[in-house]
Each structure stands twice: as C-alpha cells, then as structure tokens.
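For reference, the chains in residue letters:
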Amino acid sequence: MAGSTLDNPGHESYACGMATDLIIIGGGPAGYVAAIRAAQLGKKVVCVEKERVGGTCLNWGCIPTKALLESAEMFRKMSQGAEAYGVKTQEVSADWGAMVARSRAVSDRLCNGIEFLFKKHGIEHVQGTARIPAPGVVELTALDGTVSRLQAPKILIATGAQTREIPAFPMDGTRIIGSKQALTLPKVPSSMLVIGSGSIGSEFSYVYSSLGCKVTVVEALPNLLPNEDDEVSKAMERAFKKRGITCLTGAKVESVVKTDAGIKAHVTRPGKPDNDVEAEVCLVAVGVSPVVPDVQGLQLTDRGFIQVNERYETNLPGVYAAGDCIGGIMLAHAASYEATQAVEGMFLPGTTPKKPVLVPGCTYCHPQIASIGKRERELKQSGVAYKVGKFPFQAIGRAVAAGETEGFVKLIFGAEHGELLGAHIVGEGATELIATTQLGISAELTDEDLHAMIFAHPTLSEAIHEATLAADGVPIHA
Ligand code: NAD
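Residues numbered from 1 in each chain as written. Predicted model: local features only at pLDDT ≥ 70, side-chain atom pairs only at ≥ 80, totals over all residues. Heavy atoms only, no water.

### Overview of the overall build of the protein chain
Right, on to step 1. Along the protein chain, the regular secondary structure elements total 13 helices and 24 strands.
Right, on to step 2. Looking at the protein chain as a whole, 50% of its 478 residues qualify as buried.
Right, on to step 3. In the protein chain, 62% of the contacts between residues at least 6 apart in sequence involve partners at least 24 apart.
Right, on to step 4. Entry remark: accessible area of the protein chain is about 21600 Å², with carbon and sulfur atoms responsible for 53%.
Right, on to step 5. Mean positive and mean negative side-chain charge positions of the protein chain (44 and 52 charges, respectively) differ by 2 Å. (Helix = DSSP H or I, 4+ residues; strand = E, 2+ residues; numbered from the N terminus. Buried < 20%, exposed > 50% of the residue type's maximum accessible area, 1.4 Å probe, protein only. Contact = heavy atoms within 4.5 Å. Areas by Shrake-Rupley, 256 points an atom, 1.4 Å probe, with all protein chains shown as cover. Lys, Arg positive; Asp, Glu negative; His and termini not counted. Charge placed at Lys NZ, Arg CZ, Asp CG, Glu CD.)

Right, dumping it as structure tokens:
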C-alpha cells in the first residue's frame, strides 16, 4: 500500500508518500481507463477492485467471447467450405476444451496488460470490496476479511453491471445460465434455449450453433437485435435461420422447468401457436442490472442506476460515477469515454465533461452487425426528410474473392443537405468498417464529400462508396 493514505482502524494507521487524489471503485473499462487518465494528469490514484482488473469486458465479456467467436468462425470455415477455396481438409473437429482454454488465455493476457499499465503509471490496485461510509472515505474489506480505510478528496464509482435474472426461473449455473457460465461450459450442449437476442444472446447463439448445438432463440420484441435498424434485424434473422437457428420473435417464455435432460420451456406468441422448447441448457441474456456499492445516502434513478449530474457527480460531493452503473449507453467504449470525461472534469480546470452521443454498436456473430447514428425508424418518427443508399457485398469484388458476400452497407443521408446521419452494416468486417462512417458523421461529411473520396480497390470499404452513390441513384456496380 506504499504511497496511499490508508488507515486500518484498530490495527495500524499510516499515511505514506503522496496523498491519494482519486480512489476508483471498479477496475473495468470505466475504472481502469479513469485510473490511467488521472495518472496521466499527474494524480495519485488507488483502484479498488475485488477481482482482477479488466472488469467484465476483459475477464468475462467482450474479449473472451470474441476469442470464442474466432474459434467458432475458424471451425465453420474449415468444416463447411474450405474445399471451395481449394483447401483440402481431412477430418475437422472442434475441441471445445481447447477453445475455452484459448479464450481464457486471451483474457489473461489482456488483464496482465492492464496490470502492467497500472505499474507503469504508478496506480495502486487494492484487492477487496469497497463501501463509502461518507464522502472522501472508502472502507475496504480485503479478501482475508481485514477492514481498512482509504481517504481521498475524490472518489469515482465504476462498478459496472451484472447479468439480469428472470425472477421466475433464477439461474443455477449449470442448466439455467448467464453469459459467464456460457464462456466456460464443460462441453458444447446438444441443444440450447437462448432467452433474449441482444448482443449477448445473438453472439452465443452463433458460437454454439456453429459448433453443432441446436439453438432456439426467443426474443420478446418483434425483431432479433431489436435495437438495430429494422432491415438489419431482418437480415440477421434470415442469416440465423439459414444456419439452422430457430428464431421465435415477439415471444414470451412463460416458464422454464428443469428436467432430467435439461430444461423445458413454455413459449407463447400472440396470434401464433405456443411452443414447448426442450433443451440441455437455457442461457438467460435479457440485459443487465447495475452493480451499486454500499454508499451511505447515494441517490439512485427509478431504474436503480446511480444518479449523476452533467459532471458525472452524484448527490454526494466529491463522489462521481461513470460506466454501466449510471445506465445510458451500456457499452465498454461508452463507459471508457464517460470515465475519461469525468476525470478530466475533476482535474482539468475549465473542462466541461461531455456525455456519449455518437456511439457505435457492434455485434460479433456471422455476419457481423455494426451501426452508428440514426436508424430509419427514428427519422420517420421525428419527421426528418432523408435518403437511403444501400449496397450489397455480393457486388463487391473483395467480398466475392473472400467468399463473404452476405450483407450490405446501408447509409442514411439528410435529404436537403446530404449530411451523413446513420450507417448500418451487415457482413464481413462490419465492425471495422463502421469506424469510417463514424468519422464521416463526426466530421459532418455529406454524400458529395463521400462521392469525391477514392476508396482503395479491392476492399470491402468500397461498399461505403457504392452505398453513397446509391443514395443518389448512381451506383457503379449495381
Ligand atoms: P440487451 O439489453 O442488449 O438485450 C436483451 C434482449 O432481451 C432485448 O432484445 C430484450 O428485448 C430481450 N428480452 C428481455 N426480456 C426478455 C424476456 N423475458 N424474454 C425474451 N426476450 C427478452 O442485453 P444483453 O444482450 O444481455 O447484453 C447485456 C449488456 O452487455 C448490454 O448492455 C449489451 O450492450 C452489452 N454487450 C455488448 C456486446 C457488444 O457490444 N458486442 C456484447 C455483449 C454484451
């Protein structure tokens, strides 16, 4: 604990070295990024995290799922079509244990990286659970039960969110599971019921179905990935069905009972026959709820998130919060942005922190989905006049060469001035291509600006150029 202000009531009390400027509770994409940014600004930072730094994203979320997705994708390509590329394969099989081990190793490597960055920036990581008995004070219960106190003029809560349970059928970790267990199941189940088709439900549906599991996904709203543009959701549903995933949309899981073989669920859909779905495992992916530490007098929103003002400060002076625990756009990159803004607002005089507005969303199944800015239905609702350009990857040379012709780029421009308002991409590389369109929206580029740009040939990004031309009725390759 060298360097921090810590006293251990009843045991020892010491304050050594530089006084702590900021205590951060939580070491995920909000907490660790805030710690590094504050250290860059010359501040002495202590980060309290009860597990490894990296948070859900690095340990149990974004990163290990992407590693599993890569394994599933490689298996799919090798087992279903390598010969079409002139690659002869003998028996290809999936070694799930090795896939999980690789995914855990990828997580470990990145968490080690954050630990290294903490050391480099002189940030202390204290392992334990924090509570805030009063502004400026953090009470820490270490893993061995020892209680001590830390003090700093500023505290940032970055405790994230956790899987939301369905109270009628709580998770048991083996037959009714959440995303954490889905990352390390002992084997690929023969069948899986996935409740919810947000990013988590969709990504795991893809992983497990690619490995031979019979997946049924149930979504309460009328479309899969209901947050996306409707055309994207429909394309996704077609792709899932083509892969043998049963999609029940506008559906409600009324009950899940455990059976000898796994689970049996009763699913209702207004106007359609009920379904009984039997599966070995049920994955619950219906969103997340905030993790709120024990903080005396902390004000929450009516949905249980930590209430913050425009400077990310809670109702308690000097106590700030950022990331999933404050709600809003609950994505790792939005959390890191909020945390950086909060820290700069605390320590850079004259800075007015901003809230995330233009945030890309990415879902990493096959085809990939990525979007930014306005969806068509929002513009319709708000009466904004717009024009749409859509271009399929099947007419893009690079996509044909890669054998990845599924999907399209859809761009939405303002009708009057031609400014880029939204981009919705389905297909190979979508999650990387979206950055180009993000830059376009941020820089307020118009269809004419994009027409005038020379996109490299042959690349997938040519679909962005073609979609822009299509918005004005002049695509070259369609
Ligand atoms: P989500 O909120 O994105 O999706 C949950 C889905 O479940 C929604 O479509 C909702 O309509 C549906 N749903 C809710 N209750 C239901 C019910 N009883 N029956 C059927 N459907 C129901 O949540 P998630 O997919 O669990 O992800 C959790 C969080 O993690 C989100 O904030 C998400 O953005 C984030 N995440 C992001 C990524 C990514 O960016 N690739 C990946 C994983 C998770």
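### Comments concerning the layout of surface pockets
Right, on to step 1. Taken as a whole, the second largest pocket encloses approximately 350 Å³ of empty space.
Right, on to step 2. What lines the second largest pocket is a set of 15 residues, and nearest its centre among them are Arg76, Gln80, Arg243, His366 and Glu406.
Right, on to step 3. Among the elements of the structure, helix 3 (62-79) and helix 6 (199-210) are those that each provide at least two residues to the lining of the second largest pocket.
Right, on to step 4. Grouping the constituent residues of the lining of the second largest pocket by class yields 2 nonpolar, 7 polar and 6 charged. (1 Å grid on protein atoms, 1.4 Å probe; cavity = no way out; pocket = protein on both sides within 12 Å on 5 of 7 lines; lining within 4 Å. Points joined across faces, edges and corners; volume = space filled by probe spheres on them. Nonpolar A, V, L, I, M, F, W, Y, C, P; charged D, E, K, R; others polar.)

### Considering the sheet that holds strand 24 (residues 420-426)
Right, on to step 1. Across the sheet, 5 strands lie side by side as 20-21-24-23-22; this open sheet has antiparallel pairing. This sheet does not close on itself; its edge strands, each paired only once, are strand 20 (361-363) and strand 22 (386-392). Between one strand axis and the next, the sheet turns through 10° on average, direction left out of account.
Right, on to step 2. One ladder, built from 6 bridges, connects strand 23 (residues 408-414) with strand 24; its direction is antiparallel. Within the sheet, the bridge partner assigned to Ile412 lies in strand 24 and is Gly422.
Right, on to step 3. Each of strand 21 (369-373), strand 22, strand 23 and strand 24 touches helix 7 (residues 230-242); the most contacted strand, strand 23, lies at about 170° to it. (Pairing = 2+ DSSP bridges. Axes fitted to C-alpha atoms, helices over the stretch in contact; angles between N-to-C directions.)

### Structural notes on the site of the ligand
Right, on to step 1. For the ligand, the set of nearby residues contains 21 residues, the closest of which are Glu203, Glu219, Gly287, Met330 and Cys362.
Right, on to step 2. With respect to the ligand, the backbone of Ala220 contributes an N or O atom lying 3.1 Å from a nitrogen atom.
Right, on to step 3. One of the backbone nitrogen or oxygen atoms of Ala285 is found 3.5 Å away from an oxygen atom of the ligand.
Right, on to step 4. Burial of the ligand by the protein chains amounts to 76% of its free accessible area of 840 Å².
Right, on to step 5. Of all the elements in the fold, those that place two or more residues in the shell around the ligand are helix 6 and strand 12 (214-219). (Near = heavy atom within 4 Å. Polar contact = N/O pair within 3.5 Å; in protein donor to acceptor, adjacent residues only side chain to side chain.)

### As for the pairing of strand 24
Right, on to step 1. A large share of strand 24 lies buried, amounting to 7 of its 7 residues.
Right, on to step 2. Across 5 bridges, the pairing between strand 21 and strand 24 is antiparallel. Paired with Ser371 across the two strands is His424, which belongs to strand 24.
Right, on to step 3. From the end of strand 23 to the start of strand 24, which pair antiparallel, there are 5 residues, and Gly418 there has a positive phi angle of about 75°.

### Here's the deal with the nonpolar core
Right, on to step 1. Judged by nonpolar contacts, the single largest core of 51 residues is most densely connected at Ile24, Phe118, Leu156 and Ile157.
Right, on to step 2. A per-element tally of this core places helix 1 (residues 31-40) first, with 7 residues.
Right, on to step 3. Counting residues in hydrophobic clusters, the runner-up holds 35 residues, among them Leu183, Leu211, Cys213 and Val215. (Core = buried A, V, L, I, M, F, W, Y, C linked by side-chain atoms within 4.5 Å.)

### A look at the domain arrangement of the protein chain
Many structure descriptions define interface size as the accessible area lost when the parts assemble.
Right, on to step 1. Along its sequence, the protein chain is organised into domain 1 (1-163 + 287-359), domain 2 (176-286) and domain 3 (367-471).
Right, on to step 2. For domain 2 versus domain 3, the separation of C-alpha centres amounts to 29 Å.
Right, on to step 3. Contacts between domain 2 and domain 3 engage 13 residues on the former and 13 residues on the latter.
Right, on to step 4. A combined buried area of about 1100 Å² lies between domain 2 and domain 3, and 47% of that area is made up of carbon and sulfur atoms.
Right, on to step 5. For domain 2, the biggest contributors to the area lost against domain 3 are Asp229, Glu231 and Val232; these three give 44% of the whole.
Right, on to step 6. One can count 6 salt bridges joining domain 2 with domain 3.
Right, on to step 7. Counting across the domain 2 and domain 3 interface gives 10 residue pairs in polar contact (both at pLDDT 80 or more). (Domains from an automatic or database assignment. Buried area = accessible area lost by both parts, 1.4 Å probe. Salt bridge = Lys/Arg side-chain N within 4 Å of Asp/Glu carboxyl O.)

### Focus: the pattern of salt bridges
Right, on to step 1. Enumeration over the complete set of coordinates arrives at 26 salt bridges.
Right, on to step 2. Across the pair Glu378 and Arg375 runs a salt bridge whose closest N-O atoms are separated by 3.0 Å.
Right, on to step 3. Using a relative accessible area of 22% as the deciding quantity, one classes Arg375 as partly exposed.
Right, on to step 4. One salt-bridge network, in which partners are shared between bridges, spans Asp229, Glu231, Glu376, Lys380, Lys390 and Lys410.

### Some thoughts on the sheet that holds strand 16 (residues 272-279)
Right, on to step 1. With antiparallel pairing, the 3 strands of this open sheet are ordered in space as 14-15-16. Of all the strands in the sheet, the pair left with one neighbour each is strand 14 (252-258) and strand 16. Direction aside, neighbouring strands of the sheet carry axes that sit 15° apart on average.
Right, on to step 2. In this sheet, strand 15 (residues 263-269) lies alongside strand 14 in antiparallel orientation, the contact comprising 6 bridges. Directly across from Val257, in strand 15, lies its bridge partner Lys264.

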